[in-house]
Amino acid sequence: MAAARRLKRVVASQPGFLSLNDSGSAGGITCRRKRVNKNKKKNWNKNSDINDVEDFLEDIRHQERTTGGLLSEKSDDSLFFLDVGQKQKDDVPNEVEGKKRKGRSQHPLRIDLILQHGSHIPPVKDVLCHQQPNAKKLRRRAQKAEHLAAKGIVPRKLRKQLNRKPVNTRARKAVTEANNNPNREYYDIWSQELCETTKDSADSWYLQQTGKKRVKRPEKLNEKPSVLPAVEVIAPGGSYNPDFFSHQALLQEAHDVEVKKQKAEDKIERRLAVNKDDLVTAEVIFQEQVEGLVEENEEETPPNEEEEAEDGAGGAIALAEKKTEKQRKKQKAEKIKEQQRLALRKMTNKRQQLFQLRSIRATIKQQEQRTFARQKLRKAKMEAQKSQPRRLGKLKFQAQDLEVKLSDELTSSLRQLKPEGSVLKDRFKSLQKRNLIEPRERAKFKRRYKLKYVEKRAFREITFTPPTSGATT
């Protein structure tokens, strides 16, 4: 289609081409007019010439942009003016910021003129910018507030605002000290107290609504997990030159610890030991081996007891007889009589308790004493547990061995003393004992890949012995 149009334009530009008239004839040549079905909407713009309408509308839009309306509706005073000639440069002085300047008047730049709004058509009114979100809801809320105010009822939100505590404002100094005063107080703008004062002085409701309120620290976090000191001082017997009795007391303590460990090991060995009476003898082994090889006479089986029970079951079953009306009335009367007897007995017991008030009071007092004793014992037990390591993990805390020297290992000089134990291990055990970290075991090294042994070529050449020629395989 585009190629056909281009060909027509080329032919029309030739000098021998005859243009068509309005009547559709060129010279003596007649052109048949194309018939188009105009009752379909898709053919209206395609086969209708609306250039004159577009030119007319564009002219109207141009007049509205330049003059703000149609020229035919404008007055003569707005379209024409009287030209009295150009004013001289020296006649009107150019004043800038109250000062007179000589020379040419400054005209705006071309780039500024381009950026200026040159259309006289007012901008389209944005409806959305005049709309208020939730206007209907706010209007109903305002009407409800006016209705409650007329009745003298204060809304809950306003009542909460009135009940809030006033802000504690500190009194400012009346006179500000000079900066060159060497005796003035030191002011640190990065101090943490200033931030804390600002946050604490603000309203709690305001801090809560803005999300700036500090989280209250739990009281449990202020308690230490253990009452034990960070560094425990060793007994006097652990000195490099201790007293005889102090050293013997420390040796006795270490001896008791070792005895306790030995008893625990012996207890485990006793539980794991095999009883000699439970051992299998050679005779029992032989009987198990020949089991099923020797034929035995089959014993006569006793008659089946279930069959005998089935034979006599028919006569044992007895049908429940239906009670008569007289028997039912008698049973009901006995039931009522039993209930009355139990109620009377219950009332009698309550009356008897009036004479037992002294013994009941003594019993209650004894119960209170036992409860108080149990509470006291429980508190003492809890206080004792504070100095003991708790079970924080799957492993149990193992106390460190006592660092003690024997009598023949003592030296009279600190220079000859040999160190005992490790400071790092001592600190690690102290953290576990004070419940700061859980008891742990040293991680075991686990090889990811198996070791592969390769024999080097130089070593293989030495160790390799070639087979002899007479060797057989």
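Owing to the predicted nature of the structure, the values given are computational and were not obtained by experimental measurement. For every chain, the first residue of the written sequence is number 1, and numbering continues from 1 onward in sequence order. Given that the model is predicted, a residue must reach a pLDDT of at least 70 before its local features are reported, and side-chain atom pairs must reach 80 or more before they are shown or counted; all residues, however, enter totals for whole chains, interfaces and linings. The side-chain values count all of the structure's non-hydrogen atoms but skip hydrogen atoms and water molecules.

Engineer: Could you clarify how one ought to interpret helix 2 (residues 51-67) in this entry?
Structural biologist: Spacing of three or four residues puts side chains on the same side of an α-helix, whose turn is 3.6 residues. The numbering of helices and of strands both runs from the N terminus, where a helix is a DSSP run of H or I of at least 4 residues and a strand a run of E of at least 2. Expected span of a helix, by definition, is 1.5 Å for each gap between consecutive residues, and there is one gap fewer than residues. With 17 residues, helix 2 should cover 24 Å at 1.5 Å per step; its first-to-last C-alpha distance of 24 Å lies within 8% of that length. One or two residues past the end of helix 2 sits Gly 68, with phi positive at roughly 85°.

Engineer: Got a minute to help me understand the packing of aromatic side chains in this structure?
Structural biologist: To describe a pair of aromatic rings, you give the distance between the ring centres and the angle between the ring planes. Aromatic rings from Phe, Tyr and Trp, taking only the six-membered ring of Trp, are treated as a pair when their centres fall within 6.5 Å; an angle between ring planes under 30 degrees marks them as stacked, one over 60 as edge-to-face, and anything in between as tilted. Per the counting criterion, the structure on display carries 1 aromatic pair. Centroid distance Phe 244 to Phe 245: 5.5 Å. Interplanar angle 80°. Geometry classified as edge-to-face. The pair Phe 244 / Phe 245 is uniform in exposure class, with both members exposed. The buried label applies to any residue whose accessible area, calculated with a 1.4 Å probe on protein chains only, is under 20% of its type's maximum; exposed applies above 50%, and partly exposed to all values in between.

Engineer: Honestly, the confidence of the model for the chain in this entry has me stumped. Any pointers?
Structural biologist: Caution applies to low-pLDDT regions: their predicted coordinates should not be interpreted in detail. Every residue is assigned a pLDDT by the predictor, reflecting its confidence on a scale from 0 to 100. With 74% of its residues at a pLDDT of 70 or more, the chain shows a mean pLDDT of 79. Per-element mean pLDDT across the chain ranges from 46 in strand 1 (residues 25-26) up to 94 in helix 9 (residues 244-272). By definition, residues are in contact when any of their heavy atoms lie within 4.5 Å. Segment residues 15-28 is flagged for pLDDT under 50; beyond a separation of four residues in sequence, or across chains, it makes 12 contacts in the model. The low-confidence segment residues 90-98 (pLDDT under 50) makes 9 contacts with residues lying over four places distant or belonging to another chain.

Engineer: How should a nonpolar patch on the surface be read in this particular structure?
Structural biologist: Together, Ile 50, Val 53, Phe 56 and Leu 57 line one region of the surface with nonpolar side chains, adding up to about 350 Å² of accessible area. Within the fold, Ile 50 resides in the loop between strand 2 (29-30) and helix 2. Classification of Ile 50 by relative accessible area gives partly exposed; the value is 37%. Patches here: salt-bridge-free residues with over 30% relative accessible area, like charges joined within 9 Å, nonpolar side chains (Val, Leu, Ile, Met, Phe, Trp, Tyr) joined within 5 Å. Surface exposure here means Shrake-Rupley accessible area, sampled with a 1.4 Å probe, where a residue is shielded only by the protein chains that are shown. Whenever Lys or Arg places a side-chain nitrogen within 4 Å of a carboxyl oxygen from Asp or Glu, that contact is recorded as a salt bridge.

Engineer: Is there a simple way to think about the pattern of salt bridges in this case?
Structural biologist: Opposite charge on two side chains permits them to pair, given that their charged atoms come into close proximity. Scanning the model with the defined rule gives 10 salt bridges in all. Of the charged contacts in the structure, one is a salt bridge between Arg 341 and Glu 338, with a shortest N-O distance of 2.3 Å. A residue pair is termed a helical-turn pair when its members lie 3 or 4 positions apart in one helix, as Arg 341 and Glu 338 do in helix 12 (residues 325-354) at 3 residues. Linking Glu 438 and Arg 440 is a salt bridge whose minimum nitrogen-to-oxygen distance equals 3.1 Å. A relative accessible area of 33% places Glu 438 in the partly exposed class. Salt bridges linked by common partners bring Glu 58, Arg 61 and Arg 65 together as one network.

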